[in-house]
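# Fold and geometry: a report
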Amino acid sequence: MLVYLLVLICSLVTLAVCGQEAVHYVAPEGDDDGPGTRDRPWRTIGSAAGRAAAGDVVCIRDGVYAEQVTVRNSGRDDAPITFMCAPGETVTVDGSAAGEGRGGGVFNVLSAGH
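Residue numbers here run from 1 along each chain, matching the order of that chain's written sequence. pLDDT decides what is reported in this predicted model: residues at 70 or higher carry local features, side-chain atom pairs at 80 or more are listed and counted, and totals for whole chains, interfaces and linings draw on all residues regardless. Side-chain metrics rest on all non-hydrogen atoms present in the structure, leaving aside hydrogens and water.

### Details of the overall build of the chain
Only runs of H or I of at least four residues qualify as helices and only runs of E of at least two qualify as strands under DSSP, and these elements are numbered from the N terminus. Looking only at helices and strands, the chain features one helix and eight strands. Secondary structure elements of the chain occur, N-terminal to C-terminal, as β-β-α-β-β-β-β-β-β. Out of the 114 residues belonging to the chain, those deemed buried represent 39%. Partitioning the contacts of the chain with sequence separation of at least 6, the portion at a separation of at least 24 is 70%. Surface accessibility in these figures is a Shrake-Rupley result with a 1.4 Å probe; residues are shielded only by whichever protein chains are displayed. Just so you have it, the chain exposes about 6,400 Å², and 52% of that area is on carbon and sulfur atoms. Partly exposed describes any residue whose relative accessible area lies between the buried limit of under 20% and the exposed limit of over 50%, with all areas from a 1.4 Å probe on protein chains only and scaled to the type maximum. Note on contacts: a residue pair qualifies if any of its non-hydrogen atoms lie within 4.5 Å across the two residues.

Have a look at this one:
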């Protein structure tokens, strides 16, 4: 049985907000029907991946996310889409429950770049 497990361990990172279109938030207790803000984060990274656009940052809060993420939107050379864990927090993306799916990875980028 193949198990896809990605662990992101974050150190304190200073995030420069200059030039970014938006900062979106994801947390295990969030709601994908919400606005994806710090106070009302989305629940899944996949929801953020489907909504993020060039220049956006997706800040993922501490927790375990059992999902396979597909990124369909593209950034630009001067405005990539950035996925990062919240400073000082640990994020685990466990794609084993999702099976092999598209591309067989935990993060899949389709027709997109940057």
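Following the structure, the description resumes.
### Quick word on the pairing of strand β3 (residues 57–60)
The side-chain alternation of β3 yields two buried faces, one formed by V57 and C59 and the other by V58 and I60. Of the strand pairs in this sheet, strand β2 (residues 23–26) and β3 are connected by four bridges, and their pairing is parallel. In the sheet register, Y25 faces β3, and the bridge partner there is C59. Assignment of crossover handedness uses the view with strands pointing away from the viewer, where a clockwise path from the first strand over the helix to the second indicates a right-handed crossover. Between β2 and its parallel partner β3, the chain crosses via helix α1 (residues 45–51), and the hand of that crossover is right-handed. Two strands qualify as a pair provided DSSP detects at least 2 bridges between them.

### Describing the sheet that holds strand β6 (residues 82–85)
Reading across from one edge, β2-β3-β6 is the order of the three strands in this open sheet, with parallel pairing throughout. Because the sheet does not close on itself, it has two edges, and the strands there are β2 and β6. In this sheet, adjacent strand axes meet at a mean angle of 25° when their direction is disregarded. Of the strand pairs in this sheet, β3 and β6 are connected by four bridges, and their pairing is parallel. The residue of β6 that forms the bridge with V57 is T82. Every axis in this analysis is a line fitted to C-alpha atoms, fitted for helices over the stretch in contact. Angles between the N-to-C directions lie between 0 and 180 degrees.

### Observations regarding the environment of N108
For N108, the location among the structural elements is in strand β8 (residues 107–109). C-alpha of N108 to C-alpha of V71: the two residues are 37 residues apart in sequence and 6.1 Å apart in space.

### Describing the pattern of salt bridges
For salt bridges, the criterion is a side-chain nitrogen of Lys or Arg within 4 Å of an Asp or Glu carboxyl oxygen. Following the criterion strictly, the structure yields two salt bridges and no others. When the shortest N-O distance is used, the salt bridge between R61 and E89 registers 2.5 Å. With R61 in the loop between β3 and β4 (63–65) and E89 in the loop between β6 and β7 (90–94), this residue pair connects regions lying 28 residues apart in the sequence. Taking the relative accessible area as the measure of exposure, R61 reaches 33% and is therefore partly exposed. For E89, a relative accessible area of 16% translates into the label buried. Across the pair D78 and R76 runs a salt bridge whose closest N-O atoms are separated by 3.1 Å. Its relative accessible area of 42% is what places R76 among the partly exposed residues.

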